[in-house]
Structure formats: structure tokens, C-alpha cells
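Residue-level structural notes
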Amino acid sequence: MEAATPLFHFISSHQPLTQKQPRCYSTNFGLVNAAETLPETSPSISLESLSSLQFDYDKKFQSLISVRAMHAKMIKLSTEWDSKKNMQYFISGYLEFGDFQSAAVLFFMGFAENYLYWNSFLEEYTYFGGNPCEILEVFSELHSKGVNFNIEILAFVLKICSKLRDMWLGLEVHACLIKKGFDLDVYTKSALMNFYGRCCGTESANKVFKETSMHVSLLWNEAILVNLRNEKWAEGLQMFRDMQALLVKANSLTISKVLQACGKLGALDEGKQIHGYVIRYALESNILIRTALINMYVKNDNLKLARVVFDSTDNRNLPCWNSIISGYTSLGYLDDAWELFHEMKTCNIKPDIITWNCLLSGHFHHGSYLEVLAILRRMQSAGYQPNRNSITSALQAVSELGYLRIGKEIHCHVLRNGLDYDLHIATSLVDVYVKNEDLTSAQAVFNCMTNRNVCAWNSLISGYSCKGHFEKAGDLLDQMKEEGIKPDIVTYNSLVSGYSTSNCIKEALGMIKRIKSSGMSPNVISWTSLVSGCSQQGYFREAFEFLIQMQDEGIKVNSVTVSSLLQACAGLSLLHIGKEIHCLCIRNDFIDDVYVSTALIDMYSKCGNLENAQKVFQGLEDKTLASWNSMITGFAIYGLGTEAILLFDKMREANIQPDAITFIALLSSCKHSGLLDKGWKYFDHMKTDFGVIPTIEHYSCMVDLLGRGGYLDEALDFIHSMPMEPNAAVWGALLTSCRIHGNVELGELAAEYLFKLEPYNAANYALMMNLYALSNRWKDVDRIRDKMEAMGVKIGPVWSWLKVNQRIHIFSTAGKTHPEEGEIYFELYKLISEMKRLGYKSDTKCVYQNISEVEKEKVLLAHTEKLAITYGLMRTRNTAPITVINNTRICSDCHTVAKHMSLLRKREIFLKDGVRFHHFREGKCSCCDFW
């Protein structure tokens, strides 16, 4: 009894902590008389009731003073004051009223009773607001006062050092263990391995393990866990193999972690072997192992075996249900995940926040962005408060949908619930505002962040860069460095992308060099950003040049690179190279990528091979909106309006909601096919039936549709009724229609606007001169020509090209003539003679020069598309189709000649004239003479 009394003196000598103390392990406990801490009105407790332990443990203390008073009387009067139940009762009392140091002292001094419960003590300690550092403070003070600790206490302190990553105190404890000769104990060794693994790395922990002469089961399990905790998956798995070779038994925690390693490494065969080990040692009933097996099979994309394990589990707990639901959502089986969710509730298992987050994350990662928001609302209605993972998934969905208003609503929720401190949420908010082009709000959120990581900096720099605000992006880059955040490859890649898409190719290339000078290597994203930017800006040749540089540096292309290259192929109509890239896609399993498949459809359509475009489209299992749009656009390019409309109907049957691009493609197909009524129908219904608001592009299509059909006055009225100011595309469509139908008056009106909107666009002047020439108004032709000379506007050369035997042959109105020009003209004269016998007459109206009819016929023979087609007929095998690319709209005479050539030589001819293809076969054209 006397020996125990100083313990209470020690406990009662200090005040409870109201604030967490700094990590400094020196305290000053004064030893005062226990009676001084007892109030005069302390409750009277009889000796009989204490000695017989008739104590009401359910009764709660009213204050810290009552805890101390009761504790003092227990020490003085009870023979069993230090029993396990009493210890735990008073520890909880001290914790409840904030006297964390007294609780820690009591725990240490009664460690013989408490050491099995150290983990729950830590949980309770932190639950009441205690700082685990204070436990170490108490240990240091007790140690300095000469308290002699046994091996269990030292191991416990090591575990706290591990949790707090306190390396120096842990090293002191290790030294103490060595001095006392305790370091050979297996439990101590296990604690040391855990400490070194968390504070110094796996090498130090493995060294402790290797220095141990007796590798018992406990140490093997700890060694494996240390490696796996540090994500040394392969090393941990190898240690498990070595352990099994020595016939050492693994515990359930080790098995579950090794199964996790199999999932991380994609080691399905090893996972199956461990599954066999589980069955062999009759561990199937262990729910922890069963859950780990489900996760392992899911990570290895083997949902079938995961479901077998799940279905054979009798007592499924919540983590087990969450694992299988997570598996279905992560692999895209969202409907099956919902079925499991409902089945789970019928089994009286209540979903938790993890269940809901699995559904949110799965729907986001598989593109069901609207469903993410619906799940969030449903989750809140069910009484669940979204945590940071829930909010992050919702914000990511909002970013993809472009729903700025909903993003702001979620932002308000974040502020109301005090979640704005969270780094992931704040970074996601910056990203939402950046992707919705609200850089002011993005900057405001960024400025309020107290702890900005590199992701937050990158998001804002990317936002300014993509909008072309390079000076601001540069300032942020400098500020980022000043605040000690080192820019990574993502930072520089965002600048490369911004420069590339803003037509600053030279600056983008300079940023690539800057990446190298900073000690990093440009990766596939760096080069792909450059290639993509060139493709988007029409620098197709440069895109292939950068591809060569990329390959020279040993960097392999990814699916995004391939999509950009296919775009370049489409721009240059390089069918052969496009086919080679298609083969590359098949070899590298890019073909299932939605962007690649869409780019392939677009490439084949624009390179004159609509048949292959349809094959790619039909081969898609999961047809996205982009793929439908691309195929409809392909039909529009060839003037196949009926086919485009049929495909649109199939798209609606597949429950794919059309967007603005869909209707641009539909209206384009109608205008190229002369389907005026259909065009009006889709234009009228796009807003009312599909919620798509017409943009300037849709209005431009309608003007073109009306104008080409000869409804020029109606087209002008339509322009005047537009809700927005008509742009150059609208007036250009009207001027083109006026030239087709020879309406000079309206043409002059359209040209007047065009000369103001695009004063240096030579195509507008050329159209007006052609219109005047059709009406023999040669003085007006000269006037326009003089105006062009005065402004320095020049009409570029007209050219056509085709590929023969892997070589490009160019026919141009400027530059060198073709080396085989004589033979080409000889063959063309022969063809014209044969055509005349079939009734062909040259259309001299296509020559806009004030010369004689004979001279006009000679000029017609020199049209580049005629020369290119003739050369193709001469130098290609008889069955091969001929593809000619022309940079201007084909004239009616060349169109007629091409039809005759296809008939006379029985050849298919594909001719691209700027924006659309003409497919000539057996004397007919796919455009049905409407272009």
C-alpha cells in the first residue's frame, strides 16, 4: 500500500492539458500531497464498499476533481486498486476530462495489466483529443526519474514512435534495449522492424530481420508486412515465397496483404496459388482473407473468380460487400453493381460512405457524369454526409460536364461544412473553375489555399496557358519556385500544350528545350502536346517532323499521339500513312480507345475511303456520341444525305443524345444533298426536341442550304432574323450561292460585309470576280483586281496532287511543270476526243477571263484536277481507284470530265475539293451533280 502511494502523488501534481503541447519530451511534475487535491466536500466512501469492490463502474464521473478524489481513496483504502478493471476505469475518467498525462502515467505504471490493450488505449486517447506525443513525454519523464521499464513497455513505446515517425526517440529506445539485453527478444525484434520500416525504410528493417538468428513466424510475418507497407510489392511477395519454403505459417493479416501485392503487381497466378494455400490450411472462413481474395481477383480483372469467392462466403460483412461492389464499378459493370447494392440492403447490411464512394468513383471513371450527381443527391437523401472522396468525385464530374452552376453549389456546400481546408477538394475546385473558363474564381480559390501542392499550381498554370495568358502563367511559375514548390513535368507540359494550341509552335518547342535544361526529360505527353497542337493548327507536316524527333529520343507513342497523327493524315489526305497508323493501333491495342477509333473514322472519311470508315464504325462495340458524329460527318463529306439521316435515326434508337456537333453534321449532309425540307426539320426541332441551342455554325449551314437551293432572298431574310451578328462564314455561304446562281446584286451585298470582316481573305475577292465574269462585267473584275493589288492581297496558286508508287505528284498553276507534262496532255487530248463522241461539250463559263472561246477551251484543259486524274489513269494499275486532292472547289467542266473518265476507263475516281469528296463511278458522281 505504501509503495503505491507516490503514484497518486505523481498523477495529482499537474493540471490537465487544455492545448496540445509541442513535441518536447521534458515535463516538470511536482510531487504534492494527495490530500491537497481532495476537496473538503469530497464524497464519503466506506471502507467496506471499497475493499469488497462493490463499485458502480457504470456511474460516470462528474469532474476531474471527482476522478482524482475517487482514485486517491481507492489507492488508500482498496487492496485491489490496481486491478485491470479499476485501471481502465480511471484511465477513461482522466481522458474524459482532459488529463491526458495522468492517464498515460496510470497506463505505464499498470502496464502489466494494460499491455494487451495498448492499441485501444491509443484510440481512446486520441478520441478525447489527446496528442500521442504526450504519451512519449510521460515516458521520458518517468524514465528520467529512474522508473525501470520492462521489455513490454519499451516495445509499446517503439510502436508509438513508429506511429509518430519519431526516429530519434526510437533510436534511444533501441539503445536502451541493447543495454538491457532485451534486443534479442522476438517481440522486441518485431517492434524494431516495424519502427525502422516506418521511420528509416525497408532496408533498415530488413537488416534487423537478417541479423536475427531465429526467424520465427512472428518475425517473418512482420518482415513481409514492413515491405508491403512501404509498397515493396515484389520484395514482399518474394519473402512470402521464402517463408513458405521454410514451412513457416503466415497469419491472416500477412496473407491478406500478400494478396493485395498480387493485385498491385497483376500477379494472378501467384494470387491463385495463395488462394490454394488458404484452402489447404482451412482459412476460407476468415472474412479478412476472403475480402482480400475478392480484391485480388478484381485488381487482376477477373471478376468471375471474385464473384465465386463472394458467393461462397457465408457471413459477408460490410467490407466484403464493398469489395465486390467496388470491383463491378471499377470494371464498368455499373448495373450489376447496383443490383449488388440492392441485394446488400435485403441482407440487412447497411451501406456506408465507402459503398457510396465506390458507386460515385465507378460512374465517374466510366463516363457516367450525370449519374455521379444523381448518386450524390441520392446519397444525401439517405442521410449520408459526403466526405472528401465523395466531393472530389462530384467535382470531377462537374468539370467534365461543364456545369459551372452546380460546381458553385458544391463549393458552397464545401464552405458550409468546413471542407475547404482539404487539399484534394480545394485542388478539384480550382480544376472545376479552370475547365469552365472562370479563371477569376479559380484564382480566388487558389489564393485561399493555405497549403498548395504542385497539383493546384499545375491546374491554375494550365488554365492560364490554355487561354493564352502566357505572361500570367509565367508569373505563377516563378511564384511557384519562390514558394519552394519545384515544377514537375506536368507543369511544363501544360505550357507546351498552351503554346501549341495557341499557334505558338516556336515557343512550345522552346519549352521542350527548357524541360531538358531543367534536368528532366520530355515525356510522351510533352511531345504529344506538340504534335497535337500542330495538327489542330493545320501544321500537319510539322506534326510528322516532331514525331520523328520524338521517336529519335526513344519515346513510344500513346493513343493520344496516334489520334493527333490520324488528324494530320486526314488534313493532308495521306491514306497510305493513315493505314500504317491503323496497323500500329492494332499492334499496340489502341483500337479500342474511343479517341483513336473516332480519329480512324475521320481519317478514312477525309482520305477518300468511306468504306473503311464504315468498317471501323461497325466494328465498335461501344459506340460513343463522338463516333456517331464522326460517321455522320463522313456521309456529309460525300454528299450522302439520306445515309446520314438513316444513321442519325439509328443513333436515336441506341438512346444516344445528339449534341451541337451532331446537328452541324446533319445540316451539312442536307446542304450537300439539297435536302431542304429535312434541313429545316432538324433546325426547327434541335432546340425543342433535343435541347440543343443553335449556334452561328448551324445558322451558317442553313444559309448555305437555302442559297444552294436557289432560295437567295429567303437566305437573306434568314440572315436578318438571326439572334446573333452574322459572321464571315454566314456571308461567305451567301456569296458562294450567289456565284452558283449568278445573282450579282445579292453577291455585292454579301461581298461588302466580307470585305469588312475579312479584308485580306483572297477567296472572297476571287468569288466576286468570278461572279462579275459570269455576267461579262469585266470592268468590275478589273476594279476588284485593282483593289486587291492596292491592299496587297494575292490569290494563291491552285494545285492538285495524287500519290503514285509512293511518290507525291503535284500539279500547280505556279512553279515547275510536271516532267511528264507532254505525255499527260497527249493522253488528255485523246480522252477529250473520246468524250466528244459521247456528247461532251466544254463549259467555257468556268473560265473567268475576257478571252476567246478557243482560248477558254485551252485554259480548261490546263485545270490541275484534269491533269492529275489523267496522270493517275496513265500510271496506276487498271483496277486501282484514283484519289486526287484539290485545294479549290471543282468547276462544272472538270466535274463533267471526271464523270466521263470514270465511264471510259472503268475506274473509280475520288476527288476532294476543299471540304468534300466526289466519288465518280460509271459516269456518275456521289453528289448527284449538287455541290
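These numbers were taken from a predicted model, which means no experiment stands behind them.

Examining the overall build of the protein
- Along the backbone of the protein there are 50 helices and 6 strands.
- Put simply, the protein has 931 residues, and 50% of those count as buried.
- For the protein, contacts bridging at least 24 residues in sequence account for 63% of all contacts bridging at least 6.
- For the protein, the exposed surface amounts to about 45,300 Å²; the carbon and sulfur share of it is 51%.

A word on the side chain of Ser669
- With respect to the helices and strands, the residue Ser669 is situated in helix 39 (residues 660-673).
- Of the residues examined, Ser669 reaches a relative accessible area of 0% and is grouped as buried.
- A polar atom in the side chain of Ser669 sits 2.5 Å from the backbone oxygen of Leu666.
- Ser669 has contacts with Ala636, Gly641 and Ala644, leaving out every residue within four places of it along the chain.

Some points on the packing of helix 43 (residues 728-741) against helix 44 (residues 744-757)
- Interaxial distance between helix 43 and helix 44 falls to 9 Å at its minimum, and their mutual angle equals 145°. Once helix 43 is placed against helix 44, the crossing between them reads as left-handed. For the pair helix 43 and helix 44, contact is made by Ala728, Trp731, Gly732, Leu734, Leu735 and Cys738 and by Leu746, Gly747, Ala750, Tyr753, Leu754 and Leu757, respectively.

Here's the deal with the pairing of strand 5 (residues 917-921)
- By the criterion of burial, strand 5 is predominantly enclosed, with 4 of the 5 residues buried.
- With 4 bridges connecting them, strand 4 (residues 909-913) and strand 5 associate as antiparallel partners. Of the residues in strand 5, the one forming a bridge with Lys912 is Phe917.
- Counting the residues that bridge the hairpin from strand 4 to strand 5 gives 3 residues, and of these Gly914 lies at a positive phi of roughly 85°.
- One ladder, built from 2 bridges, connects strand 5 with strand 6 (residues 924-925); its direction is antiparallel. Paired with Phe920 across the bridge in strand 6 is Cys925.
- Hairpin remark: strand 5 followed by strand 6, antiparallel, with 2 residues in the connecting loop; positive phi at Glu922, about 55°.

So, the packing of aromatic side chains
- Applying the stated rule across the entire model yields 24 aromatic pairs.
- Ring geometry for Trp356 against Tyr384: centres 5.9 Å apart, planes inclined by 50°, an arrangement best described as tilted. Of this pair, Trp356 sits in helix 21 (residues 353-365) while Tyr384 sits in the loop between helix 22 (369-381) and helix 23 (388-401), placing them 28 residues apart in sequence. Of the two residues, Trp356 and Tyr384, neither departs from the other in class, the shared state being buried.
- When the ring of Tyr638 is compared with that of Phe917, the centres are 5.2 Å apart and the planes differ by 10°; the resulting orientation is stacked. Of this pair, Tyr638 sits in the loop between helix 37 (625-637) and helix 38 (641-653) while Phe917 is found in strand 5, placing the two residues 279 residues apart along the sequence.
- Using a relative accessible area of 2% as the deciding quantity, one classes Tyr638 as buried.
- Site record: aromatic cluster; members linked through ring pairs are Trp338, Phe341, Trp356 and Tyr384.
- The ring of Phe310 has Arg316 lying over it, and the distance from NZ or CZ to the ring centre is 4.3 Å.
- One cation-aromatic arrangement involves Lys623 over Phe617; the distance from NZ or CZ to the ring centre is 5.3 Å.

Regarding helix 37
- For helix 37, spanning 13 residues, the distance from its first C-alpha to its last is 18 Å, which sits close to the expected 18 Å at 1.5 Å a residue.
- Those residues of helix 37 hidden inside the fold are in contact with helix 35 (594-606), helix 36 (610-618), helix 38, helix 39 and strand 5.
- Of the residues trailing helix 37, Gly639 is marked for its positive phi of about 70°.

Description of the packing of helix 19 (residues 318-330) against helix 20 (residues 334-346)
- At their nearest, the axes of helix 19 and helix 20 sit 7 Å apart, and the two run at 160° to each other. Relative to helix 20, the element helix 19 is oriented roughly antiparallel. Relative to helix 20, helix 19 is oriented so that their crossing is left-handed. Contact residues: helix 19 offers Leu318, Trp321, Asn322, Ile324, Ile325, Tyr328 and Thr329, while helix 20 offers Leu334, Asp336, Ala337, Leu340, Phe341, Glu343 and Met344.
- A class-by-class count of the residues in the contact of helix 19 with helix 20 yields 10 nonpolar, 2 polar and 2 charged.

Notes on the UniProt feature "repeat: PPR" (unreviewed entry) in the protein
- Within this numbering scheme, the UniProt entry marks residues 317-351, 352-386, 453-487, 488-522, 523-557 and 624-658 as carrying the feature "repeat: PPR" (unreviewed entry).
- Note that residues 317-351 is 74% helix and 0% strand, and that its end C-alpha atoms are spaced 10 Å apart.
- Helix makes up 74% of residues 453-487 and strand 0%, with an end-to-end C-alpha separation of 10 Å.

Structural notes on the environment of Ser361
- Along the chain, Ser361 turns up in helix 21.
- Along the chain, Ser361 and Ser393 lie 32 residues apart, while their C-alpha atoms are 5.9 Å from each other.

Brief notes about the side chain of Lys899
- With respect to the helices, strands and loops of the structure, Lys899 is situated in helix 50 (residues 892-904).
- Under the relative-accessibility criterion, Lys899 is labelled buried at 17%.
- A distance of 3.1 Å separates a polar atom in the side chain of Lys899 from a polar atom in the side chain of Asp929.

How each quantity is defined
- Residues numbered from 1 in each chain as written.
- Predicted model: local features only at pLDDT ≥ 70, side-chain atom pairs only at ≥ 80, totals over all residues.
- Heavy atoms only, no water.
- Helix = DSSP H or I, 4+ residues; strand = E, 2+ residues; numbered from the N terminus.
- Buried < 20%, exposed > 50% of the residue type's maximum accessible area, 1.4 Å probe, protein only.
- Contact = heavy atoms within 4.5 Å.
- Areas by Shrake-Rupley, 256 points an atom, 1.4 Å probe, with all protein chains shown as cover.
- Polar contact = N/O pair within 3.5 Å; in protein donor to acceptor, adjacent residues only side chain to side chain.
- Axes fitted to C-alpha atoms, helices over the stretch in contact; angles between N-to-C directions.
- Left-handed = near helix turned anticlockwise from the far one by under 90°.
- Pairing = 2+ DSSP bridges.
- Phe/Tyr/Trp six-rings, centres within 6.5 Å; stacked < 30°, edge-to-face > 60°.
- Lys NZ or Arg CZ within 6 Å of the ring centre and 35° of its normal.
- Expected span 1.5 Å × (residues − 1).
- Parallel < 35°, antiparallel > 145°, perpendicular 65-115°, else oblique.
- Nonpolar A, V, L, I, M, F, W, Y, C, P; charged D, E, K, R; others polar.
- UniProt positions renumbered as here; feature names shortened; annotations may be inferred.

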